Amino acid sequence: MSALELRLGERIVTATVNADGRIVIDDVAYVVTSVGDRLYRVSSGDLQWTVAVAGPPDNRWVHVDGQVAKIEVETLGRSPRARPRSAHHDLSAPMPATVTRVLVAPGSAVARGDTLLMLEAMKMELPIRAPRDGVVKAIHCEAGQLVQPGTNLLDLE
Amino acid sequence: MIKRVLIANRGEIALRVIRACRELGIESVAVFSDADRHAPHVLAADRAEHIGGSPAPESYLNIPALLDAARRSGADAVHPGYGFLSERAHFARACVDAGLIFVGPGAEAIERMGSKIGARQLMQQAGVPVVPGETPADQSDAALTASVSNIGFPALIKPSAGGGGIGMKTVRTQGEVLAAVQSARREAQAAFGDGTLYVERLVERPRHVEIQVFADRHGQVVHLFERECSIQRRHQKALEESPCPVLAPVVRQRMGDAAVAAARAAGYVNAGTIEFLLAGEGVDAQFFFLEMNTRLQVEHPVTEAVVGVDLVRAQLLVASGKPLPWSQESLSQRGHAIECRIYAEDPTAGFLPQAGRLLMYRAPEGPGIRVDAGVVEGSEVSVFYDPLLAKLIVSAETRATAIERAVAALRQYVVLGIRTNIPFLLAILQHPRFVAGEIDTSFLDAEGQALRETIGSEDMPMAGFAAAAAHLDDQRRDRGAPPAPAAADPFDTIGTWGVR
């Protein structure tokens with residue numbers, strides 16, 4: 001018998017695997033059978049779902065009936081893997097994007113929710129908003145610049 | 001007849017054109033940027049030419065590079081698809097100047113309909129209804145009040161020089177007009193240094209209904225009925241259907257006639273679309289010209305499904321100088337079709353565009369299901385282009401059965417590796433207002449929040465079980481053991497499908 005920890009958004013649940021192969025989560029047991037390339041049949045009694053799973057364990061994508069979940073799976077009982085969080089910056093691009101407008105200047109007082117920068121990616125405008133009230137300390141980008149995710153665009157005090 | 005077409009586009013529309021070429025025995029030439037070197041449209045074409053760097057201005061918008069590629073490949077025609085250069089008159093002209101057939105209207109028609117003011121005047125002359133509006137030469141209170149009465153209520157009074165809603169006033173009764181004129185003038189003067197006012201009829205809760213038109217070089221112009229496109233978010237359409245659920249036959253006839261008159265007035269050739277605002281329902285509905293799209297539309301398969309025609313094939317025939325393959329009398333609508341646009345965007349995170357590799361991609365199949373996709377499993381979705389991955393088009397006997405078919409198909413549509421709007425499309429299709437056909441262009445603004453809240457990835461126990469099973473399989477494989485046996489008996493996998 002082995003136990004796994006599943007992280008689904010904010011929720012963490014433990015899955016244990018019984019000797020008979022059934023998987024138990026929250027006292028509910030289901031039979032899970034591999035039915036094809038990355039396809040699983042999850043069944044209990046008369047009901048069954050075909051579920052598609054892709055991606056590495058630390059970032060598993062799962063499709064059920066038109067809905068998609070991202071799940072992290074970890075084996076319990078071993079020393080937990082270091083889980084580096086992506087370097088957290090005040091304000092960074094969520095994806096590769098082009099800066100289209102810089103709407104504030106160093107020294108600008110901003111309120112939570114104010115739009116600070118406009119980015120463009122895939123023909124869509126993405127506003128970067130102030131996460132809290134503050135004063136703009138420095139700006140690390142300019143209009144027209146291509147920026148990568150994780151790069152700090154602006155310092156807010 | 002055209003012999004070899006260069007397709008100045010990418011993604012699903014390039015593949016759509018390649019299919020039509022293949023059926024007609026025309027050779028296809030794909031073009032590609034650095035990012036698209038291994039894209040499906042490049043593999044599908046008979047030839048492929050590299051045209052530049054990944055950003056569109058270096059490749060798909062790069063006219064000299066496209067004309068060079070046409071020359072190198074010996075193409076005798078260019079199909080622009082939609083987007084990119086498809087509505088740029090100077091591109092159409094440059095193709096013709098280079099001795100190439102442009103599969104679309106002439107540059108003059110693109111220019112004529114590309115000017116908002118010019119197109120509006122042309123439509124008025126052709127007797128096509130436009131939203132009533134004017135800038136009275138006499139800007140006195142009395143003249144503006146008279147102008148509002150003339151145009152009818154409800155009306156909008158707005159700065160002629162304006163934008164962004166500043167100084168814009170809605171008036172519903174005669175009694176409100178004078179005060180509204182005076183404050184609009186004051187605000188216009190303050191904001192724009194110009195107090196000139198424009199008066200316009202306010203079209204409330206309009207639907208966006210468009211008519212497909214088609215003209216050949218021999219003077220024949222037909223329409224292919226309407227597409228209802230009111231489900232849009234910031235002018236990006238999400239879902240289109242035909243027929244429009246509230247269009248009375250007599251209004252459909254009038255809109256079709258108006259669209260044909262519009263295409264004739266524009267001197268139009270090839271496939272085009274006349275967009276209208278539709279106010280009201282049934283026989284009393286009014287429609288107003290909005291603009292003309294001088295190209296093939298993203299949502300053209302909806303028309304293909306209900307009218308039973310191949311619009312891209314017809315484009316290639318007409319561009320070759322052949323007459324239209326249909327007469328107006330031969331065309332009719334049958335059944336109902338709905339198109340769902342599958343976008344790489346996260347509806348739970350402000351519709352943020354998504355980029356990455358498609359780890360798994362399985363499109364639905366079945367009766368009445370068509371998928372026009374620009375991607376395959378393993379495709380890399382880049383940030384450089386439009387986030388449209390694919391279009392699901394379902395057709396069925398009635399609107400209700402088409403909705404059911406679309407829901408069932410979307411539930412089987414597996415896209416893993418990046419987020420898509422599929423859960424959001426499912427929420428729209430099952431919303432009571434959509435099901436009842438009670439939609440207008442404000443639907444997604446009004447209902448978007450409620451729709452997004454129905455998207456639940458938090459409460460998915462099935463996902464947890466499958467993720468756990470996949471993990472166990474991986475562990476077994478790592479230990480060198482065979483993966484858990486697949487179901488031994490194929491009949492094992494057949495059973496009732498669960499509903500949660």
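## Considering the overall build of chain B
Line of reasoning, step 1. Helices and strands together make up the secondary structure of chain B, namely 16 helices and 23 strands.
Line of reasoning, step 2. Since a compact globule built from 500 residues should have a radius of gyration of about 23 Å, the 25 Å found for chain B is in line with a globular shape.
Line of reasoning, step 3. C-alpha atoms of chain B, sized along the principal axes, occupy 90 × 55 × 45 Å.
Line of reasoning, step 4. When each of the 500 residues of chain B is scored for burial, the buried share is 49%.

## A short note on the environment of A:Leu6
Line of reasoning, step 1. Within the secondary structure, A:Leu6 is located in strand β1 (residues 2-8).
Line of reasoning, step 2. Here the alpha-carbon distance between A:Leu6 and A:Tyr40, two residues 34 residues apart in the chain, equals 17 Å.
Line of reasoning, step 3. The residues contacting A:Leu6, other than those within four sequence positions of it, are A:Val13, A:Ala15, A:Ile71, A:Val73, B:Gly464, B:Ala467 and B:Ala468.

## Let's talk about the sheet that holds β1(A)
Two orientations exist for strands paired in a sheet by backbone hydrogen bonds: parallel and antiparallel.
All names here are of chain A.
Line of reasoning, step 1. Around the barrel, eight strands lie side by side as β1-β2-β3-β4-β5-β6-β7-β8; this closed barrel has antiparallel pairing. Strand-to-strand twist in this sheet, taken as the mean axis angle between neighbours without regard to direction, amounts to 35 degrees.
Line of reasoning, step 2. Bridge analysis of β1 against strand β8 (residues 67-75) gives five bridges, and the strand direction is antiparallel. Paired with Leu-8 across the bridge in β8 is Ile-71.

## Digging into helix α4 (residues 89-97) of chain B
Residue and element names in this part refer to chain B.
Line of reasoning, step 1. Burial in α4 covers these residues: Phe-91, Ala-92 and Cys-95. Buried positions in α4, seen along its axis, are confined to an arc of 100 degrees and lie on one side of it.
Line of reasoning, step 2. In this structure, the buried residues of α4 make contact with α3 (63-73), β4 (77-79), β5 (101-102) and α5 (107-114).
Line of reasoning, step 3. Looking one or two residues beyond α4, the residue adopting positive phi is Gly-99, at roughly 80 degrees.

## Some remarks on the confidence of the model for chain A
Line of reasoning, step 1. When the pLDDT values of chain A are averaged, the result is 80; 88% of them are 70 or greater.
Line of reasoning, step 2. Mean pLDDT across the elements of chain A bottoms out in strand β12 (residues 124-129) of chain A (76) and peaks in strand β7 (residues 60-64) of chain A (92).

## A look at the sheet that holds strand β7 (residues 155-159) of chain B
All names here are of chain B.
Line of reasoning, step 1. The strand order across the open sheet built from four strands is β6-β9-β7-β8, with neighbouring strands paired in antiparallel fashion. Each edge of the sheet is formed by a strand with only one pairing partner; in this case those strands are β6 (133-134) and β8 (169-171).
Line of reasoning, step 2. Where β7 meets strand β9 (residues 197-201), five bridges bridge the pair, whose relative direction is antiparallel. By the bridge assignment for β9, Pro-159 is matched with Leu-197.
Line of reasoning, step 3. Here helix α7 (residues 141-151) sits on the sheet in contact with β6, β7, β8 and β9, set at roughly 20 degrees to β9.
Line of reasoning, step 4. Running at roughly 25 degrees to β7, helix α8 (residues 177-192) makes contact with β7, β8 and β9 of the sheet.

Scoring rules and cut-offs
- Residues numbered from 1 in each chain as written.
- Chains lettered and ligands numbered in written order.
- Predicted model: local features only at pLDDT ≥ 70, side-chain atom pairs only at ≥ 80, totals over all residues.
- Helix = DSSP H or I, 4+ residues; strand = E, 2+ residues; numbered from the N terminus.
- Rg over C-alpha atoms; globule rule 2.2 N^0.38 Å.
- Buried ≥ 20, exposed ≤ 12 C-beta atoms within 10 Å, placed from the backbone.
- Contact = placed C-beta atoms within 7 Å.
- Pairing = 2+ DSSP bridges.
- Axes fitted to C-alpha atoms, helices over the stretch in contact; angles between N-to-C directions.
- Arc of directions from axis to C-beta.
- pLDDT = per-residue confidence, 0-100.

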